[in-house]
Amino acid sequence: QVQLVESGGGLVQPGGSLRLSCVASGSIFRIYFMGWYRQTPGKQRELVASISDDGTLDYIDSVKGRFTISRDSAKNTVYLQMNSLKPEDTAVYYCNVHLETSYSGSVSWHWGQGTQVTVSS
């Protein structure tokens, strides 16, 4: 089985910073896509940032210049560095990984458990 474990969430003041981590473990053959989503009550889950197998980075406009996604391939880990945080960034953040397992040879999506980010004075 594949497991994604997130960490790094918490409570910060506006303008503060947090770094989220997501570690994937299990029978992983290859990772094609890693992304960070966020969700607030009453809203759909949205993709905030992503990094593809070839290193292509994508961000939603609202976080450009403030958030940075990166990966450590050797550790099967993806990070989200969040700077200049705003109250509207408050949400539960979920890691998502698109990968190929070593036992099936098929591609599947896996979700982390979610970590709460609260930006408030």
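Higher on the page you've got the structure.
Calculation criteria
- Residues numbered from 1 in each chain as written.
- Predicted model: local features only at pLDDT ≥ 70, side-chain atom pairs only at ≥ 80, totals over all residues.
- Heavy atoms only, no water.
- Pairing = 2+ DSSP bridges.
- Helix = DSSP H or I, 4+ residues; strand = E, 2+ residues; numbered from the N terminus.
- Buried < 20%, exposed > 50% of the residue type's maximum accessible area, 1.4 Å probe, protein only.

A.B. asks: Please clarify how the pairing of strand E7 (residues 67–72) should be interpreted in this entry.
C.D. replies: As a general feature of sheets, a regular strand has side chains that alternate between the two faces. Where E7 and strand E8 (residues 77–82) come together, six bridges link them in antiparallel fashion. In the sheet register, Thr68 faces E8, and the bridge partner there is Gln81. Taken together, E7 and the strand that follows it, E8, pair antiparallel across an intervening segment of four residues, in which Asn76 is found at a positive phi of about 50°.

A.B. asks: I would appreciate a short explanation of unusual backbone geometry in the present structure.
C.D. replies: Among all residues save glycine, negative phi is the norm, and among peptide bonds the norm is trans. Not every positive phi belongs to a glycine, and Asn76 is a case in point at roughly 50°. Residue position: Asn76 is located in the loop between E7 and E8. For Asn76, a relative accessible area of 25% puts it in the partly exposed group. Although it is not a glycine, Ser84 sits at a positive phi angle of roughly 50°. Assignment of secondary structure puts Ser84 in the loop between E8 and strand E9 (91–101).

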